[in-house]
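Listed below are the residues making up each chain.
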Amino acid sequence: MRLSTKVRYGLRSLIALAQEKGEIISISVIASEQELSQNYLENIFAEFKKAGIIESVKGAKGGYRLIADPNEISIVDIMEMLDREIHVGGNKKHDVLNDIINKRVYERLDKELYAYLKSISLAQIAVEDIQNISLF
Amino acid sequence: MEIGTKGQYGLEALVYMASCPENTQFSINTIATQRNISEKYLEQIFSLLKKGGIIQSSRGKYGGYHFLIEPKDLTVLRVLECLTGSLEPVRCIHSVQCKREAICKSKPVWEKMYDHMKLVLEDVTIQSLADEYRRQL
């Protein structure tokens, strides 16, 4: 079970933006610092822009900046902006046995992961040290 | 982000086995028929479960598949890890070494997510699912 590249790179690029604390940073700088493809970043940033959490600034010193409060952005929010949902799956056959497994295993896992990823903000990841945050 | 069908069908087959009366003899064919799973696919799944030390097969008059780990001690985590290889959400947790590890701020998040998944799946045993199934029959 793997997270999509889009979500992993999306989070990384937002961490980079959040660390600039609202200052403008160019996409090529993020791309080289984060070792990500600039094209790929442009696609991801278009979606973040559409979601209204970043804005692009034109001109010689142009680039992107975070305009939303990173305390208010959770990982679930980021996943949803990138059109990815937390869904570990489940058996498509519906009968008594599979309904029990779906409810006790897959749906529960979805719920718990959702709650966990909703509880972590971009600010916590980018600025604080998440190792020190107790989550359980 | 999905747990594959191997994990899903394997889990289904094991819960079914655990819900049957003790000393039931299981062949891949009977389970496949009962659960409407492809026999070929179930063969692959059972071969992984055997390799993983979860089930065992024996020959002879009373032959067939049976549990090597008691269903009450067999967690869903153990089963899914055996059948999916690894449940890690990102490969840098165990599978691959990443050169950015020291400066990476997102790895701890995915690592904790993985710990969380393991806690949830460790909490459910095959027996508890089978018991619930039997109660509803």
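In this text, all values refer to a predicted model and were calculated from it rather than measured experimentally.

Q: What is the right way to read the nonpolar core from this model?
A: Soluble, globular proteins show a tendency: their nonpolar side chains are buried together. Core analysis: the largest hydrophobic core is formed by 86 residues, its most contacted members being F45(A), L14(B), F46(B) and W110(B). Sorting elements by how many residues they give to this core places helix α5 (residues 96-119) of chain A first, with nine residues. The contact partners of F46(B), leaving out residues within four places of it in the chain, are A13(B), M17(B), I28(B), I31(B), I55(B) and Y65(B).

Q: Any chance you could explain the pairing of strand β1 (residues 54-57) of chain A here in plain terms?
A: If a strand is regular, its side chains alternate between the two faces of the sheet. Residue and element names in this part refer to chain A. Direction of pairing for β1 relative to strand β2 (residues 63-66): antiparallel, over a ladder of four bridges. Residue pairing for β2: I54 is matched across the bridge by L66. The antiparallel pairing of β1 with β2 creates a hairpin that spans five residues between the two strands, and G59 there sits at a positive phi of about 110°.

Q: I'm lost on the pattern of salt bridges in this one. Help?
A: Oppositely charged side chains can form a pair if their charged atoms are brought close together. In total, this model carries 15 salt bridges over all chains according to the counting rule given. Among the charged side chains, a salt-bridge network with shared partners connects K93(A), D95(A), E12(B) and R35(B).

Q: Would you take a moment to explain the interface of chain B and chain A for this structure?
A: Size of an interface, as often reported, equals the accessible area lost when the parts are brought together. Taken together, the contacts link 43 residues of chain B with 45 residues of chain A. Both faces considered, chain B and chain A share a buried interface measuring about 4200 Å² in area, 64% of it formed by carbon and sulfur atoms. Summed over the shared surface of chain B and chain A, the result is six salt bridges. E35(A) is the partner of R100(B) in a salt bridge, and the nearest nitrogen-oxygen pair spans 3.0 Å. Remark: the boundary between chain B and chain A carries 16 residue pairs in polar contact (both at pLDDT 80 or more).

Q: Explanation requested: the side chain of R35(B) in the structure shown.
A: With respect to the helices, strands and loops of the structure, R35(B) is situated in helix α2 (residues 28-35). Here R35(B) falls in the buried class, since its relative accessible area comes to 8%. If we ignore the near neighbours within four places in the chain, the residues touching R35(B) are K93(A), D95(A), L97(A), N98(A), E12(B), Y16(B) and Y133(B).

Cut-offs and rules
Residues numbered from 1 in each chain as written. Chains lettered and ligands numbered in written order. Predicted model: local features only at pLDDT ≥ 70, side-chain atom pairs only at ≥ 80, totals over all residues. Heavy atoms only, no water. Core = buried A, V, L, I, M, F, W, Y, C linked by side-chain atoms within 4.5 Å. Buried < 20%, exposed > 50% of the residue type's maximum accessible area, 1.4 Å probe, protein only. Helix = DSSP H or I, 4+ residues; strand = E, 2+ residues; numbered from the N terminus. Contact = heavy atoms within 4.5 Å. Pairing = 2+ DSSP bridges. Salt bridge = Lys/Arg side-chain N within 4 Å of Asp/Glu carboxyl O. Buried area = accessible area lost by both parts, 1.4 Å probe. Polar contact = N/O pair within 3.5 Å; in protein donor to acceptor, adjacent residues only side chain to side chain.

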